[in-house]
Amino acid sequence: MTSDSSRLRAVRNGGAERAEHLAGLIMALARREGMKAGDRLIEQRLADALDLSRAPIRLGLKALEAAGLARGEPNRGFVLAKNPTSGAAQPALAAVRRAEQIYATIAGDVLASRLPADVTEAELMRRYDLSRAELQRLLDRIAAEGWIARLPGYGWRFAETVSSPEAQFQAAAFRAVIEPAAIAQPDYALAPEVITRLRERQQRILDGEFEKMTIGEIYQSGCDFHEEIIRGAGNPFFVEALKRVNSIRRLFAYRSFANRDGMRRHVREHLRLLDVLEARRYAEAADLMAKHLQRTLVAGLS
């Protein structure tokens with residue numbers, strides 16, 4: 001009976017922890033997008049941005065409501081009750097930052113060969129001081145990104161290829177081909193409201209938010225930008241290909257993102273690209289994207 005009660009408690013605790021984590025992901029996204037109190041939290045848009053189904057999004061929204069960070073309104077769904085930059089939002093964001101820090105530590109340990117190729121969950125929990133629920137979320141994420149796989153019998157194995165310099169070069173070279181090609185598609189178009197939203201986000205980063213962001217947040221912001229640009233081609237294969245390569249790049253991106261001056265230049269290039277896209281000079285925009293990514297290829301910036 002005691003064992004059954006303990007298991008039930010563990011399941012409940014794990015469910016609450018998952019809800020809190022989802023709430024943090026939503027608040028982190030709202031912060032990246034510059035949302036304010038009173039803005040709508042649209043389920044489908046959140047699901048698309050976080051690559052989740054609507055069921056976990058609802059779970060996260062309910063957790064935000066319970067924490068007083070969101071509220072349900074008739075005919076509007078959920079809206080933000082507090083600004084994502086406010087002190088009230090910090091506890092929700094803290095869990096996401098902790099997960100990101102641990103992820104970065106694991107990535108660094110893999111790149112520096114401080115971890116064996118084969119590991120057990122017990123070893124990882126001890127080494128990184130993780131609960132089982134925290135570890136499972138991290139392993140699910142890393143497995144989806146392609147740099148760890150479950151062994152047939154017991155434990156996990158890190159992939160050798162994704163952390164190699166050759167893999168990093170190949171990922172950058174692939175992007176340098178597909179992203180300009182997407183902009184050069186005959187039916188390419190980017191909605192004005194998308195350009196406005198992207199410009200506002202990039203300008204906020206350049207105006208000082210950059211200094212407050214974690215490396216993980218900076219990386220995700222760059223991924224969001226490039227994925228939105230490529231989405232203008234109206235071809236889901238371009239988007240899926242870029243999402244896949246961005247997932248793999250994340251492992252070694254943390255090294256290059258230490259170059260803050262290089263990243264500021266990177267953001268300025270993003271803003272210039274948006275100006276050209278807004279003018280619908282797509283051939284010029286494709287050329288700018290090619291040059292932007294060629295510099296990435298040479299400098300190692302992501």
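Calculation rules
- Residues numbered from 1 in each chain as written.
- Predicted model: local features only at pLDDT ≥ 70, side-chain atom pairs only at ≥ 80, totals over all residues.
- Heavy atoms only, no water.
- Core = buried A, V, L, I, M, F, W, Y, C linked by side-chain atoms within 4.5 Å.
- Buried < 20%, exposed > 50% of the residue type's maximum accessible area, 1.4 Å probe, protein only.
- Phe/Tyr/Trp six-rings, centres within 6.5 Å; stacked < 30°, edge-to-face > 60°.
- Helix = DSSP H or I, 4+ residues; strand = E, 2+ residues; numbered from the N terminus.
- Lys NZ or Arg CZ within 6 Å of the ring centre and 35° of its normal.
- Pairing = 2+ DSSP bridges.

## Re the nonpolar core
Argument step 1. Core analysis: the biggest nonpolar cluster contains 48 residues, and Ile106, Trp147, Phe158, Ile183, Ile229 and Leu277 have the highest contact counts within it.
Argument step 2. Judged by nonpolar contacts, the second largest core, of 24 residues, contains Ala30, Leu50, Ile57 and Ala89.

## Some remarks on the packing of aromatic side chains
When we look at a pair of aromatic rings, we describe it by the centre distance and by the angle of the planes.
Argument step 1. Within this structure, the stated rule accounts for 3 aromatic pairs.
Argument step 2. A centroid spacing of 5.7 Å and a plane angle of 85 degrees characterise the contact between Tyr103 and Trp147, whose relative ring orientation is edge-to-face. Remark: Trp147 occurs in the loop between helix H6 (132-145) and strand E5 (148-150) and Tyr103 occurs in helix H4 (residues 90-111); sequence separation between them is 44 residues. We note that Tyr103, like Trp147, is buried.
Argument step 3. A ring pair is formed by Tyr188 and Tyr282, whose centres lie 5.3 Å apart and whose planes are at 70 degrees; its orientation type is edge-to-face. With Tyr188 in the loop between helix H7 (165-183) and helix H8 (192-206) and Tyr282 in helix H12 (residues 282-299), this pair connects stretches of sequence that are 94 residues apart.
Argument step 4. On the basis of relative accessible area, Tyr188 is assigned to the buried category, the value being 4%.
Argument step 5. Among the aromatic side chains, those forming a connected cluster through ring pairs are Tyr103, Trp147 and Phe158.
Argument step 6. The cationic tip of Arg141 hangs over the ring face of Tyr103; the distance from NZ or CZ to the ring centre is 3.7 Å.

## Section: the pairing of strand E3 (residues 77-80)
Argument step 1. Here strand E1 (residues 40-41) pairs with E3 via 2 bridges, running antiparallel. Looking at E3, one finds that Arg40 is bridged to Val79.
Argument step 2. Pairing analysis gives 4 bridges linking strand E2 (residues 70-73) to E3, with the strands arranged antiparallel. Looking at the pairing, Glu73 lines up with Gly77 of E3.
Argument step 3. In this structure, the hairpin formed by E2 and E3 is closed by a connection of 3 residues, where Asn75 is found at a positive phi of approximately 65 degrees.

The values reported here are purely geometric and, on their own, carry no functional implication.
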